[in-house]
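Here's the letter readout for the chains.
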Amino acid sequence: MTDHSDEPATISDDPDRRAAAASVERSDERVRHADPAVRARLRRRRRRTNRIYLGLGLALAAVLVGYVALYFLPLLSVRSVQVHGAETIPVEQVTERAAVATGTPLLQVDTHTVARRVAGLPRVDEVTVRRDYPSSLRIDLVERTALVVVDVDGAPHLVDADGVDFGQGEAPPGTPTLTVGESARADLPAVVRDLATVFDEARGTAGLDITAAEVETRASIVLVLADGRRIEWGAAGRDHEKAVALQMVLDRPGEVWNVSNPALPASR
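We now turn to the structure provided with this report. Computed from a predicted model, the values in this text were never measured in an experiment.

### As for the overall build of the protein chain
Next up, step 1: Of the regular secondary structure elements, the protein chain holds 8 helices and 11 strands.
Next up, step 2: By residue count, 31% of the 268 residues in the protein chain fall in the buried class.
Next up, step 3: Long-range contacts, defined as pairs at least 24 residues apart, comprise 47% of the intrachain contacts of the protein chain with a sequence gap of at least 6.
Next up, step 4: Carbon together with sulfur atoms contributes 55% to the accessible area of the protein chain, which is approximately 16500 Å² in total.

### Details of the side chain of Ser 136
Next up, step 1: Along the chain, Ser 136 turns up in strand β3 (residues 136–143).
Next up, step 2: A distance of 3.0 Å separates polar atoms of two side chains, one belonging to Ser 136 and the other to Ser 80.
Next up, step 3: Not counting chain neighbours up to four residues away, the residues in contact with Ser 136 comprise Ser 80, Gln 82, Leu 106 and Arg 131.

### As for a positive patch on the surface
Next up, step 1: Residues Arg 41, Arg 44, Arg 45, Arg 46, Arg 47 and Arg 48 make up a contiguous surface patch of positive charge.
Next up, step 2: Structurally, the position occupied by Arg 48 is in helix α3 (residues 36–72).
Next up, step 3: What makes Arg 48 partly exposed here is its relative accessible area of 44%.

### Structural notes on the sheet that holds β3
Next up, step 1: Judged by pairing direction, the sheet is mixed, and its 3 strands sit side by side in the order β1-β3-β2 without closing on themselves. Lying at the two open borders of the sheet, with one neighbouring strand each, are β1 (80–84) and β2 (124–132). Shown here is a sheet whose adjacent strand axes are inclined to one another by a mean of 20°, direction ignored.
Next up, step 2: Pairing geometry for β2 and β3, over 8 bridges, is antiparallel. In the sheet register, Val 127 faces β3, and the bridge partner there is Leu 141.
Next up, step 3: Contacts between helix α5 (residues 111–119) and the sheet are confined to β2 and β3, with β2 contributing the most and set at about 150° to the helix.

### What about the sheet that holds strand β11 (residues 266–267)?
Next up, step 1: Pairing in this open sheet of 8 strands is mixed, and the strands run β5-β4-β6-β7-β8-β9-β10-β11 from one edge to the other. Each edge of the sheet is formed by a strand with only one pairing partner; in this case those strands are β5 (155–160) and β11.
Next up, step 2: The pairing of strand β7 (residues 210–215) with strand β8 (residues 221–225) spans 5 bridges and is antiparallel. If you follow Val 215 over to β8, its bridge partner there is Ile 221.
Next up, step 3: Strand contacts of helix α7 (residues 188–204): β4 (146–152), β5, β6 (177–180), β7, β8 and β9 (230–234), with the helix running at about 140° to β4, the strand carrying the most contacts.
Next up, step 4: Sheet strands in contact with helix α8 (residues 239–249) are β9 and β10 (256–258), and its direction is about 150° off that of β9.

### A short note on α8
Next up, step 1: Where α8 is concerned, the buried positions are Asp 239, Lys 242, Ala 243, Ala 245, Leu 246 and Val 249. Buried residues in α8, looked at end-on, bunch into an arc of 165°, giving them a common side.
Next up, step 2: In this structure, the buried side of α8 is in contact with α7, β9 and β10.

### Concerning the nonpolar core
Next up, step 1: Leu 178, Leu 223, Ile 231 and Trp 233 are the most contacted members of the largest nonpolar core, which has 31 residues in total.
Next up, step 2: Elements with a contribution of two residues or more to this core: β4, β6, α7, β7, β8, β9 and α8.
Next up, step 3: The element best represented in this core is α7, accounting for 8 residues.
Next up, step 4: Excluding anything up to four places from it in sequence, Ile 231 contacts Leu 208, Ile 221, Val 222, Leu 223, Leu 225, Leu 246, Leu 250, Trp 257 and Val 259.

### What to know about the side chain of Asp 194
Next up, step 1: Within the fold, Asp 194 resides in helix α7.
Next up, step 2: When residues no more than four places from it in sequence are discounted, the contact partners of Asp 194 are Arg 218, Ile 221 and Ala 236.

### Notes on the environment of Ser 260
Next up, step 1: Within the secondary structure, Ser 260 sits in the loop between β10 and β11.
Next up, step 2: For Ser 260, a relative accessible area of 39% puts it in the partly exposed group.
Next up, step 3: Considered as a pair, Ser 260 and Gly 234 are 26 residues apart in the sequence and their alpha carbons are 4.6 Å apart.
Next up, step 4: Once residues lying within four places of it in the same chain are set aside, the contact partners of Ser 260 are Glu 232, Trp 233, Gly 234 and Lys 242.
Next up, step 5: At a separation of 2.6 Å, a polar atom in the side chain of Ser 260 contacts the side chain of Asn 258.

### Quick look at α7
Each α-helix winds once per 3.6 residues, and so residues spaced three or four apart point in a common direction.
Next up, step 1: Compared with the 24 Å implied by 1.5 Å per residue over 17 residues, the 24 Å span of α7 between its first and last C-alpha is a close match.
Next up, step 2: Of the positions making up α7, those classed as buried are Leu 188, Ala 190, Val 191, Val 192, Asp 194, Leu 195, Ala 196, Val 198, Phe 199 and Ala 202.

Conventions used here
Residues numbered from 1 in each chain as written. Predicted model: local features only at pLDDT ≥ 70, side-chain atom pairs only at ≥ 80, totals over all residues. Heavy atoms only, no water. Helix = DSSP H or I, 4+ residues; strand = E, 2+ residues; numbered from the N terminus. Buried < 20%, exposed > 50% of the residue type's maximum accessible area, 1.4 Å probe, protein only. Contact = heavy atoms within 4.5 Å. Areas by Shrake-Rupley, 256 points an atom, 1.4 Å probe, with all protein chains shown as cover. Polar contact = N/O pair within 3.5 Å; in protein donor to acceptor, adjacent residues only side chain to side chain. Patch = residues over 30% accessible without salt bridge, like charges linked within 9 Å, V, L, I, M, F, W, Y side chains within 5 Å. Salt bridge = Lys/Arg side-chain N within 4 Å of Asp/Glu carboxyl O. Lys, Arg positive; Asp, Glu negative; His and termini not counted. Charge placed at Lys NZ, Arg CZ, Asp CG, Glu CD. Pairing = 2+ DSSP bridges. Axes fitted to C-alpha atoms, helices over the stretch in contact; angles between N-to-C directions. Arc of directions from axis to C-beta. Core = buried A, V, L, I, M, F, W, Y, C linked by side-chain atoms within 4.5 Å. Expected span 1.5 Å × (residues − 1).

Structure below.
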């Protein structure tokens, strides 16, 4: 049977370990026999290091205590909710939807959750929520802008360039009305997205003043100008070519222009 009490003797037989042990002994011997000034310097260095570690520990503890105090105690709490960018949306509606109680510590307010709640308002396109220390919650809104006005069950609805119907309301002056056929109405968001690209080219390139659009199907877009002239645009696509072609022939006599094939624009 092996006697484990003999292990230290076995370890001492390892040359590398014997050398390491000898090195430690020599180091200890040098410290014991070092000049008193050296020993004093080493003691001061150890004390200084200990003070640094102690200071760091106390600072960390203070930070943790401060964070806990701010999180749980109403030291920096919500005293007001500031709403910016609301033009047609009542501020009261935004704050009610945000649902942040006065006196809630700011650190406990989940800004992402509040933003999602406010974004649920139909007229809100973008929303940013941030803590405004020491005592406010700031909500910045970007409202949806109507591209067209569409009749829905006898009531005018506002629809933005993404095809989002955000309900009834007063449209900005000059917003075109959109009349759609049954086929187009079944895919209204896509129809409106088509119109967004068509309007950009028709207005920007050809300089058209569009007051209305008629879409029986997605392949039969018709633009109505302020002076009553009609532009048969056809399907969305090749819109820049169509706008350039229209610009070249728009001064010809006629009431109706067809640019569905931009290589062969026609008027009648």
